[in-house]
Amino acid sequence: MKTTSRKKMLLDQLLRDEIVGVVLNLIKQDQPVTMDEVARICGVAKGTLYNYFQNKDDLMNHVHRVVLEPLLESNKRTLGGEGSPLKRLNDFIDSAYRVHDEVCVYFQFVRRKQSAEVVLQERIELILLPLANLCQEGIAAGEFVACDPFIMAETLFGTILGPLTSLPYRPDADYDLQRMKEDVKTLIKRIVILKPQENV
């Protein structure tokens, strides 16, 4: 590969990364996301954005992929990886509470823009199917209560991610995220995890 093409590719990637960062920052600040504003903040002409994205929908789809792909990969590695189902479930909880801030704000924004069907499909693909598979493994290993793995996955989804999605609406703005995570783990132990003497 020629040096000039490599430099151009690197510069293109840097600009794409900056554009994504600008869009996420606008969303976090609850500001309108427009091609004009993104170009202004990036310090490029609006036409330059159109060299990379056909329109605002194309730009937002790119941002969505950039946010979603690492989550899909992380969930795949965590929920479908090595170790006992219980360990992987705890790793998933830890992971969810590490990436919460920017991701939660972004998904709240997206859910206002997407249809309920698209939101549900992404939720199923991103979390519910991998969680249901993990639950099935946990049931088979005698670590989780024996019940429908999809019911358990929905329960886990609400228990783990529900508190994160409601953070902006809590009256106590200075919540302790670590404490919240530990409370989630305590609750899950009571409703999903079998105690050693209950293993049959």
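Residues numbered from 1 in each chain as written. Predicted model: local features only at pLDDT ≥ 70, side-chain atom pairs only at ≥ 80, totals over all residues. Heavy atoms only, no water.

Observations regarding the overall build of the protein
Working step 1: If you tally the helices and strands in the protein, you get 9 helices and 0 strands.
Working step 2: Listed by position from the N terminus, the elements making up the protein come as α-α-α-α-α-α-α-α-α.
Working step 3: Long-range contacts, defined here as pairs at least 24 residues apart, represent 65% of the contacts in the protein between residues at least 6 apart.
Working step 4: With an accessible surface of roughly 12,100 Å², the protein has 54% of that area assigned to carbon and sulfur atoms. (Helix = DSSP H or I, 4+ residues; strand = E, 2+ residues; numbered from the N terminus. Contact = heavy atoms within 4.5 Å. Areas by Shrake-Rupley, 256 points an atom, 1.4 Å probe, with all protein chains shown as cover.)

Quick look at the packing of helix 5 (residues 85-98) against helix 8 (residues 149-165)
Working step 1: Where helix 5 meets helix 8, the axes come as close as 10 Å, and the angle between the chain directions of the two elements is 20 degrees. It follows that helix 5 is roughly parallel to helix 8 by the angle criterion. Between helix 5 and helix 8 lies a crossing of right-handed hand. For the pair helix 5 and helix 8, contact is made by Leu89, Phe92, Ile93, Ala96 and Tyr97 and by Leu156, Ile160, Leu161, Pro163 and Leu164, respectively.
Working step 2: Among the residues forming the contact of helix 5 with helix 8, the class breakdown is 10 nonpolar, no polar and no charged. (Axes fitted to C-alpha atoms, helices over the stretch in contact; angles between N-to-C directions. Parallel < 35°, antiparallel > 145°, perpendicular 65-115°, else oblique. Left-handed = near helix turned anticlockwise from the far one by under 90°. Nonpolar A, V, L, I, M, F, W, Y, C, P; charged D, E, K, R; others polar.)

Topic: the pattern of salt bridges
Working step 1: Inspection of every chain in the model, using the stated rule, returns 7 salt bridges.
Working step 2: A salt bridge links Asp91 to Lys87; its shortest N-O distance comes to 2.7 Å. Note that Asp91 and Lys87 are positioned in helix 5 at a spacing of 4 residues, about one turn of the helix.
Working step 3: Judged by relative accessible area, Lys87 falls into the partly exposed class, the value being 44%.
Working step 4: One salt-bridge network, held together by shared partners, links Asp94, Lys181 and Lys185. (Salt bridge = Lys/Arg side-chain N within 4 Å of Asp/Glu carboxyl O. Buried < 20%, exposed > 50% of the residue type's maximum accessible area, 1.4 Å probe, protein only.)

So, helix 4 (residues 56-79)
Working step 1: Taking 1.5 Å per residue, 24 residues should reach 34 Å; helix 4 reaches 34 Å between its end C-alpha atoms and fits that length.
Working step 2: All buried positions along helix 4 are accounted for by Leu59, Met60, His62, Val63, His64, Val67, Leu68, Leu71, Ser74, Asn75, Thr78 and Leu79.
Working step 3: Two or three places before Asp57, at the start of helix 4, stands the capping residue Asn55, its side-chain oxygen 3.1 Å from that residue's backbone nitrogen. (Expected span 1.5 Å × (residues − 1). Polar contact = N/O pair within 3.5 Å; in protein donor to acceptor, adjacent residues only side chain to side chain.)

What to know about the side chain of Thr159
Working step 1: Mapped onto the fold, Thr159 is located in helix 8.
Working step 2: On the accessibility criterion, Thr159 (12% relative accessible area) is buried.
Working step 3: When neighbours within four sequence positions are excluded, Thr159 is seen to be in contact with Val184, Leu187, Ile188 and Ile191.

Quick word on helix 7 (residues 116-140)
One turn of the α-helix equals 3.6 residues, which is why residues spaced by three or four share an orientation.
Working step 1: Along its 25 residues, helix 7 runs 33 Å from first to last C-alpha, staying within 8% of the 36 Å computed at 1.5 Å per residue.
Working step 2: For helix 7, the principal kink sits at Ile124 and spans about 45 degrees.
Working step 3: Among the residues of helix 7, Val119, Glu122, Leu126, Ile127, Leu128, Pro130, Leu131, Ala132, Leu134, Cys135, Gly138 and Ile139 are the ones counted as buried.
Working step 4: Looking one or two places after helix 7, you find Gly142, whose phi comes out positive at around 75 degrees. (Bend = angle between axes of the 7 residues up to and from the residue.)

Quick word on the environment of Leu72
Working step 1: With respect to the secondary-structure elements, Leu72 resides in helix 4.
Working step 2: When sequence neighbours within four positions are dropped, the list of residues in contact with Leu72 reads Glu125 and Leu126.

Structural notes on the environment of Met152
Working step 1: Mapping Met152 onto the fold places it in helix 8.
Working step 2: Look at Met152 and you get buried, because its relative accessible area is 4%.
Working step 3: With 20 residues separating them along the chain, Met152 and Ala132 place their C-alpha atoms 7.1 Å apart.
Working step 4: Look past the residues within four positions of Met152 in its chain and what remains in contact with it is Cys135, Ile139, Phe144, Val145, Cys147 and Val192.

Digging into the confidence of the model for the protein
Working step 1: Considering every residue of the protein, the mean pLDDT works out to 83; 89% of them sit at 70 or more.
Working step 2: Per-element confidence in the protein is highest for helix 2 (residues 35-42), whose mean pLDDT is 92, and lowest for helix 6 (residues 100-113), whose mean pLDDT is 67. (pLDDT = per-residue confidence, 0-100.)

Focus: the side chain of Arg88
Working step 1: Its place among the elements puts Arg88 in helix 5.
Working step 2: Contacts of Arg88, omitting those with residues within four sequence positions, involve Thr78, Leu79, Gly80, Gly81, Glu82, Gly83, Leu134 and Glu137.

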